[in-house]
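Read off the chains here:
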Amino acid sequence: MRKAKAILNDQRILLAIVILLMVIIVGTISPKFVQLSNIMAIFQQVSVLGVLTMCMSLLIISGGIDLSLGNMMALSAVVVASLLMQGKSLLLAVTAGVLTSTVCGLFNGLIITTFQTIPLIITLGTGQIFNGISLLIAGGSFLQFENKLNFLREIKLFNYIPLMVAIMLLCVGFMGVLVNKTKFGRRVVAIGGNEKNAYLSGINVKLYKIIAYTLSGAMVSIAGLILASRLNSITANAGSGYELDAMVACVMGGVTLDGGRGTIIGAFLGCLLTGVISNALDILGVHAYVKIIITGAIIVTAVVLSNISSLKRE
Amino acid sequence: MNNMNVPLITLRSISKEFPGVCALSDVSLDLYSGEIHCIVGENGAGKSTLMKILSGAYSPTSGQIVLNNEIYDELDPETAQNLGIQIVYQENDLVHSMNAVENIFIGREKTKKLGFVDKKSMYSEAKKIMQEFDIEIDLSVKIENMSVSDQQFVKILKALVNNSRLLILDEPTSMFNIEDSTKVLELVKKIANQGISVVYISHFLQEVLDIADRITVLRDGVVVKTYEEVKNITMGDLTLHMVGRPIDKFYQRDKIKISEEKRLEVCDLKLNKNSPEVNFFVKKGEIVGIYGLVGSGRTEIVRTISGADRFYSGTIKVDGVSVNINSPKDGIAVGIAHITEDRQQLGLNLCHSVLENLLIVKLQQMRKSLLYDYKKQGSRVQSIIDKLKIRTPNLLQKVIYLSGGNQQKVVLGKWLITDAQIYIFDEPTRGIDINAKYEFYEYMTELVKQGKSVIMISSDMPEIISMSDRVLVVRDGSIKDEFTQDEINEQNIVCSALGVAI
Ligand SMILES: Nc1ncnc2c1ncn2[C@@H]1O[C@H](COP(=O)(O)OP(=O)(O)OP(=O)(O)O)[C@@H](O)[C@H]1O
Ligand SMILES: [Mg+2]
């Protein structure tokens, strides 16, 4: 009995059950839903969000947050795209893209730690800055780069798994191992759980925070590449709103906003759930507007559920 | 004791000023290897602040720390730890979402290649130390699911796993029962025997006299006296220096006539389906002491009465009328004030002012209009502050900046300010200095004189004996014995609590 309760309190298992139920129900109504190709499509649909969710969960677990992620991603992708359009090599373009978002992340981290400001507000501001820079580079137009990033979609591992999906899963695995198994990760959790304690235990809190923001920035560029590949073009505003989706995925997955709690797998399942919902509603032919309402309702339910376990904790 | 001639660490005229408060002025102290150096003083005397300067949590306004012939103007936590200074802070400072073993090694994680943490070796090292010092806790349990005393052991283990030359323990036993306290005292002696210098802070003066090699008394941020020898000192001497005037060793309470009317009756109370039934009552003007070992269920019983926890069945009557208490709010409404055991976590809004904290319950009661009039309450609040000797620069100081003992007094104060009829105190004087303790006893006597009723849970035997009109002993979740008048003595109570024949 106690064990059953413990299992239900575990966000990961709760989410897995919810996802499984949805798959079974929707699958019975419309068998197309459970075809392997559709399942791959779902993973492909969430691949951008998946990577961003990883960045966001690292930061939220560390006790911070980054609301500039969406615009940071767009900026990185815009840099890649414009270099590709100028005929620069793929390697150079990608390197520049990675550097761009890494610097953005570092910038966030430095401001937040040096001036001890609230990450929520600061990153809201820096996000605007990144967006502005993207607009300066891209203007208002679509940047098209002659299918040069199609390989992310077209290369399929084992003939089934698109490269972008594999990369996303790799990011999930990487973050999971980082947070759970490494000294760096455990220290980040400790900082998020009780910053004062971490400092008094001799941890260089500022440094770790800066590294977390920078690392998250570096990873954002991967999301940017996947986004550009999926759209086969990019605009300066293509990333807006993604940061909120990532935040929602985290919270649904049991990563609480006060830091120090939650799992990477949970966050990923949260992200997957949004993908499953959206795909299922499409397949069931739900009207686009109704779909928005249902999505919202499910998010609210999931967040309430995730909160119930922490209410019990009190 | 070895190396008696060369101090391990010297503090040279340390001063520390906080905005509006001078916590330490010109404090000098030598610490030798292998000695147990106790520091005593009233709440707010500056004991914790001095230790935080040693551990690098605070930097001194002026003064120096000398260690290994090196002179430091200030330390930071990392440097201090590398120098072998380990500390168990007075406040609860653990990461609640992590388990015990991880907490023990925060900042000192053991790693394999590539920065992967080595859980196995962390477990085995922690276990080794637990065995050595006879500590028993489950290392894989998350802190938030641990009892307060287990958490305290985690803090102690955390200080022990690292190589230390100086171990500072700031009121390590204030959360413990006798048994666990004894463990800690044994541990301290063992450590000192290994040649490590130990600084031990406590308000239990008997403890201090038992283990100290030397004792330093602080008052108002100044060293009043350092005893080089402990043999011939009495508790009276210590308190004289702490307080600046002599105070009695045993508190003598005015007994008053207790009315025959029952204020509170608890009938057939069952906490859950299989627990034993609990029956007891409290009369008007009576102080009922509840004694029991930690884990005996005494706290759980009173928690249901005040509405902090739900119960399975039974009735609670106040003034003969049965009442429904399902939440703390209901409890307050029928006039029950409950001062909880775990004050730091449950009792205070640390980031709010002393004034707000003191008035938070009161305001619920007097909410008639939308606006609160804080100012009107000023004199009332001030009188509580004076009575309990809460040391704060002003009413608007945030509680987090008060000393540990003064925070506890704020929790006491906030319930004393309300007009309750029944007061439930759970370990009311933990961490409170002896002087303030007696002031609190006065206050409690004052309450019963007004015809109010008091239930007091306490592990402090002198406190139970001198304050209670009646003592109930709880064991295995039920009330096993009741003692009145002459029966109230240490032997009766302890035997009953342990369940051995008298
Ligand atoms: N961070 C802070 N900001 C402002 N004032 C502080 C701060 N820390 C401590 N003080 C003040 O310094 C004085 C000494 O506090 P300290 O915590 O050292 O007392 P203590 O001797 O440990 O008392 P206790 O026995 O209650 O733990 C107190 O008056 C307290 O209010
Ligand atoms: Mg203190």
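Residues numbered from 1 in each chain as written. Chains lettered and ligands numbered in written order. Predicted model: local features only at pLDDT ≥ 70, side-chain atom pairs only at ≥ 80, totals over all residues. Heavy atoms only, no water.

Q: It is not clear to me how the overall build of chain A should be interpreted in this structure. Could you clarify?
A: Scanning chain A for helices and strands turns up 15 helices and 2 strands. In terms of overall dimensions, chain A is globule-like: its C-alpha atoms have a radius of gyration of 20 Å, near the 20 Å expected for 314 residues. For chain A, the C-alpha atoms occupy an extent of roughly 65 × 55 × 35 Å along the three principal directions. Here chain A holds 314 residues, and 53% of them are scored as buried. Of the roughly 14,000 Å² of accessible surface on chain A, a fraction of 69% belongs to carbon and sulfur atoms. (Helix = DSSP H or I, 4+ residues; strand = E, 2+ residues; numbered from the N terminus. Rg over C-alpha atoms; globule rule 2.2 N^0.38 Å. Buried < 20%, exposed > 50% of the residue type's maximum accessible area, 1.4 Å probe, protein only. Areas by Shrake-Rupley, 256 points an atom, 1.4 Å probe, with all protein chains shown as cover.)

Q: Can you help me understand the sheet that holds strand S1 (residues 9-18) of chain B in this one?
A: The strands that make up a sheet pair up through hydrogen bonds in the backbone, lying either parallel or antiparallel. Residue and element names in this part refer to chain B. Spatially, S2-S1-S4-S5 is the arrangement adopted by the 4 strands of the open sheet, whose pairing is antiparallel. Each of the sheet's edge strands pairs with one partner strand only, and the pair in question is strand S2 (21-31) and strand S5 (70-72). In this sheet, neighbouring strand axes are inclined to one another by 20° on average, regardless of whether the strands run parallel or antiparallel. Of the pairings in the sheet, the one linking S1 to strand S4 (residues 62-67) comprises 5 bridges and is antiparallel in character. Across the sheet, residue Ile9 finds its bridge partner in S4, namely Leu67. Here helix H1 (residues 47-55) sits on the sheet and contacts S1, S2 and S4; the angle it forms with S1, its principal contact strand, is near 115°. (Pairing = 2+ DSSP bridges. Axes fitted to C-alpha atoms, helices over the stretch in contact; angles between N-to-C directions. Contact = heavy atoms within 4.5 Å.)

Q: So what exactly am I meant to see when it comes to empty space enclosed by the protein here?
A: Over the atoms rolls a probe the size of a water molecule, and its path tells where empty space is left. According to the stated counting rule, one finds 5 cavities of 30 Å³ or more in the structure shown. Those elements giving two or more residues to the lining of the second largest cavity turn out to be helix H11 (195-200) of chain A together with helix H2 (77-82), strand S6 (85-88) and helix H5 (148-160) of chain B. Here the lining of the second largest cavity takes 4 residues from S6(B), the largest share from any one element. Of the residues assigned to the lining of the second largest cavity, the class counts are 10 nonpolar, 6 polar and 4 charged. (1 Å grid on protein atoms, 1.4 Å probe; cavity = no way out; pocket = protein on both sides within 12 Å on 5 of 7 lines; lining within 4 Å. Points joined across faces, edges and corners; volume = space filled by probe spheres on them. Nonpolar A, V, L, I, M, F, W, Y, C, P; charged D, E, K, R; others polar.)

Q: Honestly, the coordination of the magnesium ion (ligand 2) in this entry has me stumped. Any pointers?
A: Coordination angles at a metal have ideal targets, namely 109.5 degrees for four tetrahedral donors and 90 or 180 degrees for six octahedral donors. Residues and elements named next belong to chain B. Every protein donor of the magnesium ion (ligand 2) is accounted for by Ser48 (OG) and Gln90 (OE1), and the metal-donor separations fall at 1.9 to 2.1 Å. Taken together, the residues Ser48 in helix H1 and Gln90 in the loop between S6 and helix H3 (100-104) connect sequence positions 42 residues apart. The class of Ser48 is buried, set by a relative accessible area of 15%. (Donors = N, O, S within 2.8 Å, 3.2 Å for Na, K, Ca; no water.)

Q: Please explain the pairing of strand S17 (residues 422-426) of chain B as it appears in this structure.
A: It is a general feature of regular strands that their side chains alternate between the two faces of the sheet. All names here are of chain B. With 5 of 5 residues buried, S17 lies mostly within the body of the structure. Side-chain alternation along S17 places Ile422, Ile424 and Asp426 on one buried face and Tyr423 and Phe425 on a second face that is also buried. Direction of pairing for strand S16 (residues 336-339) relative to S17: parallel, over a ladder of 4 bridges. Bridge pairing links Ala337 to Tyr423 in S17. A crossover links S17 with its parallel partner strand S18 (residues 453-457), the connecting element being helix H15 (residues 434-449), and its sense is right-handed. (Right-handed = clockwise from strand over helix to strand, strands pointing away.)

Q: Where do I start with helix H14 (residues 404-416) of chain B in this structure?
A: Note on helix geometry: an α-helix contains 3.6 residues per turn, so any two residues three or four positions apart are oriented the same way. Between its first and last C-alpha atoms H14(B) spans 19 Å; for 13 residues at 1.5 Å apiece the expected length is 18 Å, and the two agree. Among the 13 residues that make up H14(B), 13 are buried, leaving the element largely enclosed by the rest of the structure. (Expected span 1.5 Å × (residues − 1).)

Q: When you look at the sheet that holds S18(B) in this model, what are you seeing that I'm missing?
A: Residues and elements named next belong to chain B. Taken in spatial order, the 6 strands of this open sheet run S16-S17-S18-S13-S19-S20, and their pairing is mixed. This sheet does not close on itself; its edge strands, each paired only once, are S16 and strand S20 (478-484). Each strand of the sheet is rotated relative to its neighbour by a mean of 20°, with strand direction disregarded. Sheet analysis places S17 next to S18, joined by 5 bridges and oriented parallel.

Q: I keep staring at the site of ligand 1 and nothing clicks. Help me out?
A: Residues and elements named next belong to chain B. Surrounding ligand 1, one finds 23 residues, the nearest of these being Lys47, Ser48, Thr49, Ser403 and Gly405. Ser48 places a polar side-chain atom, nitrogen or oxygen, 2.7 Å from an oxygen atom of ligand 1. One of the side-chain N or O atoms of Glu171 is found 3.4 Å from an oxygen atom in ligand 1. For ligand 1, whose accessible area on its own is 640 Å², the fraction buried by protein is 93%. Secondary structure elements with two or more residues in the shell around ligand 1: S2, H1 and H14. Tallied by class, residues from the shell around ligand 1 come to 7 nonpolar, 12 polar and 4 charged. Lining the shell around ligand 1 are residues from two domains, each supplying at least three of them: domain 1 (9-242) and domain 3 (352-418). (Near = heavy atom within 4 Å. Polar contact = N/O pair within 3.5 Å; in protein donor to acceptor, adjacent residues only side chain to side chain. Domains from an automatic or database assignment.)

Q: Sorry if this is basic, but what is going on with the domain arrangement of chain B here?
A: You'll often see interface size given as the accessible area lost when the parts meet. All names here are of chain B. Split into domains, chain B comes out as domain 1 (9-242), domain 2 (260-335 + 420-502) and domain 3 (352-418). For domain 1 and domain 3, the distance between their C-alpha centres works out to 30 Å. Opposite the 8 residues of domain 1 that make contact, domain 3 presents 8 residues. Carbon and sulfur atoms make up 42% of the surface buried where domain 1 meets domain 3, a total of about 600 Å² over both sides. Of all residues in domain 1, the largest losses of buried area upon contact with domain 3 belong to Asn43, Gly44 and Gln90, amounting jointly to 58% of the total for that side. Applying the counting criterion to the domain 1 and domain 3 interface returns 1 salt bridge. As a salt-bridge pair, Arg391 and Asp220 come within 2.6 Å of each other at their nearest N and O atoms. Counting across the interface, domain 1 meets domain 3 through 5 residue pairs in polar contact (both at pLDDT 80 or more). (Buried area = accessible area lost by both parts, 1.4 Å probe. Salt bridge = Lys/Arg side-chain N within 4 Å of Asp/Glu carboxyl O.)

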